[in-house]
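Inside the fold
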Amino acid sequence: MWAVLVLTVMGIQVASPFQIGASDNKFLGFSDKQILDYLLDKSRYDKRMRPIDFTVVNVTVLLLTLSSPDESSLKYEVEFLMHQKWYDPRLKFDDAGKHRYLNGLLHTDNIWLPDTYFIKHGEFKYPLIPIHIALRIYPNGSVIYSMRRSMVLNCQGNLHIFPFDNLKCPFALESVSHENTEVELRWSKTEQAIRGATSLRQQNAYLVKNVTGECIRQHTWRG
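Now for a look at the structure at hand. What you see is a predicted model, and the numbers here were worked out from it, not measured in a lab. (Residues numbered from 1 in each chain as written. Predicted model: local features only at pLDDT ≥ 70, side-chain atom pairs only at ≥ 80, totals over all residues. Heavy atoms only, no water.)

Some thoughts on unusual backbone geometry
Phi is positive for A96, which is not a glycine, with a value near 60 degrees. Inspection of the secondary structure puts A96 in the loop between β3 (75-87) and β4 (102-103). Judged by relative accessible area, which is 54%, A96 ranks as exposed. (Helix = DSSP H or I, 4+ residues; strand = E, 2+ residues; numbered from the N terminus. Buried < 20%, exposed > 50% of the residue type's maximum accessible area, 1.4 Å probe, protein only.)

The structure is reproduced here in structure tokens:
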């Protein structure tokens, strides 16, 4: 899956510890921690295994900052939140509605997460490791994982009229270790795929529009 940001420059257009039977899926009176301890117990949950044979991960991006520190360069810095949503039937629970969702932020090392990788973008800014912002597990098995990233985009423009042209800043996402027959990344169809936060900070660069799409070219770099 790929995306292109079109920018303007400087305003100029450019085995469980709990006794729960297999048929009893209610966690009445259980705390958030107790339910998570049961769901993620290693005797019943293996984070190395995909949630289902063909796992679909829906992606949205919320832009936080957009800047061009060097007005003579085609490199632009962007900070954003990336939200990924998928379904993991192993994490379904029923506590009679006590918890709207479970806060699994401290369990990111114990749960299957998409190994999403950015390609054709440029370089990441410090910190290179994603900052975990949220990990929510819903009763129906839906999981929403949010992480914060900062990166430098290599943009494309017409050097003959730069900086008075619209710059295109493409990037693409893919799974590192899974083929698209196993894990598929999709831009969300129920929410705006890429949008600016209400508090979006912009310095010498302004978002004109964005375009998203699906990658149709097959890559074999994994060997």
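Structure shown, so let's carry the discussion forward.
Considering the pairing of strand β9 (residues 167-175)
Counting buried residues in β9 gives 7 out of 9 residues, a clear majority hidden from the surface. In this structure, strand β5 (residues 116-119) lies alongside β9, joined through 4 bridges in antiparallel fashion. What sits directly across from I119, in β9, is A172. (Pairing = 2+ DSSP bridges.)

Considerations on the environment of Y117
Mapping Y117 onto the fold places it in strand β5. The exposure class assigned to Y117 is partly exposed, which follows from its relative accessible area of 40%. Residues Y117 and E174, 57 residues apart in the sequence, show an inter-C-alpha distance of 5.3 Å. Dropping the residues within four chain positions of it, Y117 is found in contact with A172, L173, E174 and V176. (Contact = heavy atoms within 4.5 Å.)

Some remarks on the packing of aromatic side chains
A full pass over the atoms with the stated rule returns 6 aromatic pairs. Where F80 meets F118, the ring centres are 5.7 Å apart and the plane angle is 55 degrees; that geometry is what we call tilted. Of the two residues, F80 sits in strand β3 while F118 sits in strand β5, which places them 38 residues apart along the sequence. For F80, a relative accessible area of 3% corresponds to the buried category. Between the aromatic rings of F118 and F171, the centroid separation amounts to 6.2 Å while the plane-to-plane angle is 40 degrees, which identifies the pairing as tilted. Of this pair, F118 sits in strand β5 while F171 is found in strand β9, placing the two residues 53 residues apart along the sequence. In this structure F118 comes out as buried when scored by relative accessible area, which is 2%. (Phe/Tyr/Trp six-rings, centres within 6.5 Å; stacked < 30°, edge-to-face > 60°.)

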